[in-house]
Amino acid sequence: MAAPGLWLLRAAAALLLLCRPPRARADEHEHTYQDKEEVVLWMNTVGPYHNRQETYKYFSLPFCVGSKKSISHYHETLGEALQGVELEFSGLDIKFKDDVMQTTYCEIDLDKGRREAFVYAIKNHYWYQMYIDDLPIWGIVGEADENGEDYYLWTYKKLEIGYNANRIVDVNLTSEGKVKLVPNTKIQMSYSVKWKKSDVKFEDRFDKYLDPSFFQHRIHWFSIFNSFMMVIFLVGLVSMILMRTLRKDYARYSKEEEMDDMDRDLGDEYGWKQVHGDVFRPSSHPLIFSSLIGSGCQIFAVSLIVIVVAMIEDLYTERGSMLSTAIFVYAATSPVNGYFGGSLYARQGGRRWIKQMFIGAFLIPAMVCGTAFFINFIAIYYHASRAIPFGTMVAVCCICFFVILPLNLVGTILGRNLSGQPNFPCRVNAVPRPIPEKKWFMEPAVIVCLGGILPFGSIFIEMYFIFTSFWAYKIYYVYGFMMLVLVILCIVTVCVTIVCTYFLLNAEDYRWQWTSFLSAASTAIYVYMYSFYYYFFKTKMYGLFQTSFYFGYMAVFSTALGIMCGAIGYMGTSAFVRKIYTNVKID
């Protein structure tokens, strides 16, 4: 056992190296400088303002580079590479606390091709992004006149950098030097640097990028209050209806137990007790079902941990740190997937546990990677910076095979051994009971369609803020709101699925496993439908790349949310079903 354990440790260490935050390789990573020490201006990406996700390398436009020798830069985290961060050295000579008067750093020979590239960028409102000491800076490429006939390029970057002691706490860019784009001319690019002492604390330097008026709007607070009232209403409804109804059911069943067979009117027997011999029957397609439940439990664990870490560490202040953290946490929580999926499959009598383990381990990664690689081909065709490098693809595949799979195997073995015994409170009949006819609104398909409405209603306002932070120029930082919404979503989902399952069992339909999962998972359908509304009415995206990127990743997000909600709904309903059948005396 020593060799496999050592191998797992080495694999985990490799994952840590891949997903680690940037190491202190230069002073910009330590965020401390000495006087006259070099400060690097990184050029990141350029792209249309109306779609922040469509980005290209800054030097894909015919900008020129400063005279200073280039500094090699490599992606240090998976998050940077996957998010399309393409840092390239600007070539500008900037030193800490050293002012620079307006200085020409390069010259653009504006031939016909270069002019057409700039004109296209100006027509599409291209903005570019730069970084100084991990602080983002945005600037516009140029502008057109009122008639749209003449186009002008901003040629002068005026930088004002605020410092507090030996740290950079503020950066501002002013674009000046508007020059008309005339073919076969030379355009000189210039810059200046002005250093100013600032009272802003280093810990608060990202506050200027946040938008409290947007995220702390009264609509946001109202949505939380509305969702909280919905939780109180649903919990009260479940407690009142089910407890009172179940009390009557228990009294009726106890009375029937005391009757003789001659006195008992078998024709009047009805309700959820009648399916006690089938309610714990294995679900149809148990292999897929248990894999979905395990994956949903893992997604919930990842969501919970990442939100808590984001609340503590302010992950939005570091490039790619949120995505890197999510990848690391997902890999580290793989035993959760194996434990819940493997134990459920064992309790349902499944024998092909290795196949179940593989499906559970690769269900979510295959969905995410398949979508990402498909969109990657489109990004490569458009030469977008969102194109995932081949080395990053290999790194992701290595994480799946050498970290996620072994940890999932550990969780599966533990789950099968610790909680894989079918200790049901009722004996399962050998022959399935026929399901009687019932009214149309009690059919599982109808319950599934209606089950996701209330959970979606509790989160759809938060979906707007999340979508806006991802698809527009907003930094999401109110993770306390997100944590509260996650708790509300879980409570609403469990309450709704318990009520749906109780009515289904009362109609003597014992197919509650898939019904509870799908009725909760149907929340994802409403979220994806809402994404269509958001695309057409809240964004100005267009074209194949933007459309495929948007709807592809929204499908991944919605599916993952649906699997998580389905697992939460099933787990809560399973505890409820086990509880009510434990309290009834059954021969």
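The coordinates are above.
What you see is a predicted model, and the numbers here were worked out from it, not measured in a lab.

*Asks:* What is the right way to read the overall build of the protein chain from this model?
*Replies:* Within the protein chain, the regular secondary structure consists of 17 helices and ten strands. Restricting the contact set of the protein chain to residue pairs at least 6 apart, pairs at least 24 apart contribute 82%. Element-wise, carbon and sulfur atoms account for 62% of the exposed surface of the protein chain, whose accessible area totals about 28500 Å². A distance of 3 Å separates the average location of the 54 positive side-chain charges in the protein chain from that of its 53 negative side-chain charges.

*Asks:* What exactly am I supposed to notice about the pattern of salt bridges here?
*Replies:* Note that side chains of opposite charge can pair when their charged atoms are close. Applying the stated rule across the entire model yields 17 salt bridges. The shortest N-O distance in the salt bridge between Glu143 and Lys178 comes to 3.1 Å. Of the two residues, Glu143 sits in strand E7 (residues 142–144) while Lys178 sits in strand E9 (residues 167–180), which places them 35 residues apart along the sequence. According to the relative accessible area criterion, Lys178 is partly exposed, its value standing at 44%. Of the charged contacts, one joins Asp509 and Arg511 as a salt bridge, the two residues approaching to 2.7 Å between their closest N and O atoms. Each of the salt bridges in this network shares a partner with another, and the network as a whole consists of Lys438, Asp509 and Arg511.

*Asks:* Teacher, can you tell me more about the packing of aromatic side chains here?
*Replies:* Any two aromatic rings considered together are summarised by their centre-to-centre distance and by the angle between their planes. Using the criterion set out here, one finds 62 aromatic pairs in the structure. An angle of 90 degrees between the planes, with centres 5.1 Å apart, marks the rings of Tyr535 and Phe536 as edge-to-face. Residue classification places Phe536 among the exposed positions, given a relative accessible area of 55%. Consider the rings of Phe545 and Phe549, whose centres lie 5.8 Å apart with planes at 45 degrees: the pair is tilted. Separated by four residues within a single helix, Phe545 and Phe549 lie in helix H17 (residues 543–582), roughly one turn from each other. Classification of Phe545 as buried rests on a relative accessible area of 2%. Just above the ring of Phe63 sits the side chain of Lys157; from NZ or CZ to the centre is 5.7 Å. Lying across the ring of Tyr152, Lys178 places its NZ or CZ 5.2 Å from the centre.

*Asks:* How should I be thinking about the state of the cysteines in this particular structure?
*Replies:* Each disulfide consists of one covalent bond between the sulfur atoms belonging to two cysteines. All chains considered together, the criterion is met by one disulfide. One disulfide in the model links Cys64 with Cys106; its S-S distance is 1.7 Å. Between Cys64 and Cys106, the S-S torsion sits near 55 degrees, and that sign places the bridge as right-handed. Here Cys64 is found in the loop between strand E2 (56–57) and helix H3 (78–82), whereas its partner Cys106 is found in strand E4 (residues 100–110), with 42 residues between them in sequence.

*Asks:* What's the story with helix H9 (residues 334–347) in this structure? I'm lost.
*Replies:* For H9, spanning 14 residues, the distance from its first C-alpha to its last is 20 Å, which sits close to the expected 20 Å at 1.5 Å a residue. Three or more residues of H9 are buried, namely Ser334, Asn337, Gly338, Gly341, Gly342, Ser343, Leu344, Tyr345 and Ala346. For H9, the secondary structure elements touched by its buried residues are helix H7 (286–313), helix H8 (321–332), helix H10 (353–381), helix H11 (390–419) and H17. Gly349 occupies a position one or two residues after H9 and carries a positive phi of about 80 degrees.

*Asks:* It is not clear to me how the environment of Ser239 should be interpreted in this structure. Could you clarify?
*Replies:* Note that Ser239 resides in helix H6 (residues 218–258). Along the chain, Ser239 and Cys495 lie 256 residues apart, while their C-alpha atoms are 9.4 Å from each other.

*Asks:* Could you clarify how one ought to interpret the side chain of Thr392 in this entry?
*Replies:* Of note, Thr392 is situated in helix H11. Sequence-distant contacts of Thr392, defined by excluding residues within four places in its chain, comprise Leu78, Ala81 and Leu82.

*Asks:* Would you mind showing me how to read the nonpolar core here?
*Replies:* Buried together is how nonpolar side chains tend to be arranged in soluble globular proteins. Judged by nonpolar contacts, the single largest core of 152 residues is most densely connected at Ile94, Val141, Ile168 and Tyr581. Judged by nonpolar contacts, the second largest core, of six residues, contains Val40, Trp42, Leu87 and Tyr131.

*Asks:* Would you mind showing me how to read the pairing of strand E10 (residues 185–197) here?
*Replies:* Remember that side chains alternate between the two faces of the sheet whenever the strand is regular. Where E4 lies against E10, eight bridges are found, and the strand directions are antiparallel. Counted as the bridge partner of Glu107 is Gln188 from E10.

*Asks:* Before we go on, may I ask you to explain a negative patch on the surface in this structure?
*Replies:* On the surface, a cluster of negative charge is made up of Glu203, Asp204, Asp207, Glu313 and Asp314. Turning to its location among the elements, Asp207 is positioned in the loop between E10 and helix H5 (212–215). For Asp207, a relative accessible area of 43% translates into the label partly exposed.

*Asks:* Quick question: what am I supposed to make of the packing of H7 against H17 here?
*Replies:* Between two packed helices, what matters for the description is the angle formed by their axes and the separation of those axes. At a minimum axis separation of 7 Å, H7 and H17 run at an interaxial angle of 105 degrees. By the angle between their directions, the pair H7 and H17 is classed as roughly perpendicular. Here Phe289, Leu292, Ile293, Ser295, Gly296, Cys297, Ile299, Phe300 and Ser303 of H7 lie close against H17, whose contacting residues are Ala560, Ile563, Met564, Gly566, Ala567, Ile568, Tyr570 and Met571. When its residues are assigned to classes, the contact of H7 with H17 shows 13 nonpolar, four polar and no charged.

*Asks:* Quick question: what am I supposed to make of unusual backbone geometry here?
*Replies:* The backbone phi angle of Asp314 is positive, close to 55 degrees, even though this residue is not glycine. In this fold, Asp314 is placed in the loop between H7 and H8. Unusually for a residue other than glycine, His383 sits at a positive phi of about 55 degrees. By the secondary structure assignment, His383 is in the loop between H10 and H11.

*Asks:* Help me understand the pairing of E9 in this model?
*Replies:* When strand E8 (residues 151–164) meets E9, the two strands line up antiparallel, connected through twelve bridges. Along E9, the bridge assignment pairs Tyr152 with Lys180. Taken together, E8 and the strand that follows it, E9, pair antiparallel across an intervening segment of two residues, in which Ala165 is found at a positive phi of about 60 degrees.

*Asks:* Sorry if this is basic, but what is going on with the side chain of Thr515 here?
*Replies:* Inspection of the secondary structure puts Thr515 in helix H15 (residues 512–521). Not counting residues within four places of it along the chain, the set of residues in contact with Thr515 comprises Pro444, Ile447, Val448 and Leu504.

*Asks:* Please explain the environment of Met322 as it appears in this structure.
*Replies:* Within the secondary structure layout, Met322 lies in helix H8. A C-alpha to C-alpha distance of 18 Å links Met322 and Ile364, two positions 42 residues apart in sequence. Not counting residues within four places of it along the chain, the set of residues in contact with Met322 comprises Val306, Ala310, Leu315 and Tyr479.

The rules we used
- Residues numbered from 1 in each chain as written.
- Predicted model: local features only at pLDDT ≥ 70, side-chain atom pairs only at ≥ 80, totals over all residues.
- Heavy atoms only, no water.
- Helix = DSSP H or I, 4+ residues; strand = E, 2+ residues; numbered from the N terminus.
- Contact = heavy atoms within 4.5 Å.
- Areas by Shrake-Rupley, 256 points an atom, 1.4 Å probe, with all protein chains shown as cover.
- Lys, Arg positive; Asp, Glu negative; His and termini not counted.
- Charge placed at Lys NZ, Arg CZ, Asp CG, Glu CD.
- Salt bridge = Lys/Arg side-chain N within 4 Å of Asp/Glu carboxyl O.
- Buried < 20%, exposed > 50% of the residue type's maximum accessible area, 1.4 Å probe, protein only.
- Phe/Tyr/Trp six-rings, centres within 6.5 Å; stacked < 30°, edge-to-face > 60°.
- Lys NZ or Arg CZ within 6 Å of the ring centre and 35° of its normal.
- Disulfide = S-S within 2.5 Å.
- Expected span 1.5 Å × (residues − 1).
- Core = buried A, V, L, I, M, F, W, Y, C linked by side-chain atoms within 4.5 Å.
- Pairing = 2+ DSSP bridges.
- Patch = residues over 30% accessible without salt bridge, like charges linked within 9 Å, V, L, I, M, F, W, Y side chains within 5 Å.
- Axes fitted to C-alpha atoms, helices over the stretch in contact; angles between N-to-C directions.
- Parallel < 35°, antiparallel > 145°, perpendicular 65-115°, else oblique.
- Nonpolar A, V, L, I, M, F, W, Y, C, P; charged D, E, K, R; others polar.

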